[in-house]
Amino acid sequence: MTDMKRWTVEILIAEVDRGTYAEARLYDEISDDLVGIGIARRYPTDPDIPEIGDEIAVARALNDLGQRLLSTASGDLETVTGEKVLLTR
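Because the structure is a prediction, the values reported are computed rather than measured. (Residues numbered from 1 in each chain as written. Predicted model: local features only at pLDDT ≥ 70, side-chain atom pairs only at ≥ 80, totals over all residues. Heavy atoms only, no water.)

(A) View of the side chain of Thr20. In this structure, Thr20 sits in strand β2 (residues 19–27). Engagement of the side chain of Thr20 in a polar contact is seen with the side chain of Glu15, the distance being 3.1 Å. Beyond its immediate chain neighbours, meaning those up to four positions away, Thr20 contacts Ile13, Ala14, Glu15, Gly38, Ile39, Ala40, Gly53, Asp54 and Ala57. (Helix = DSSP H or I, 4+ residues; strand = E, 2+ residues; numbered from the N terminus. Polar contact = N/O pair within 3.5 Å; in protein donor to acceptor, adjacent residues only side chain to side chain. Contact = heavy atoms within 4.5 Å.)

(B) Inspection of unusual backbone geometry at higher detail. Non-glycine residue Asp17 carries a positive phi angle of around 50°. Locating Asp17 in the fold gives a position in the loop between β1 (8–16) and β2.

(C) View of the pairing of β1. Pairing of β1 with β2, which is carried by 9 bridges, proceeds in the antiparallel orientation. Bridged to Thr8 within β2 is Tyr27. Once β1 ends, the chain turns through 2 residues before running back antiparallel as β2, passing Asp17 with a positive phi of about 50°. (Pairing = 2+ DSSP bridges.)

Here's what the structure looks like:
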């Protein structure tokens, strides 16, 4: 294996009213810092189990971060190739 790179994802979680807010922040070595956001809302009839809200909000934030990273990569490829790029997988 060649040289390894280290990218770090920091997860921030906050309880807001009947919901949970999460941010997934990516820090890489080229200052391409991206933030994904996720929100989970609890209905009044749902049991109050904060861990479940955390899991849902964080999963959504990571998913959003992944989509933003694909979009950034698409833009970088378009700049290099001069052609339209659509990364779907």
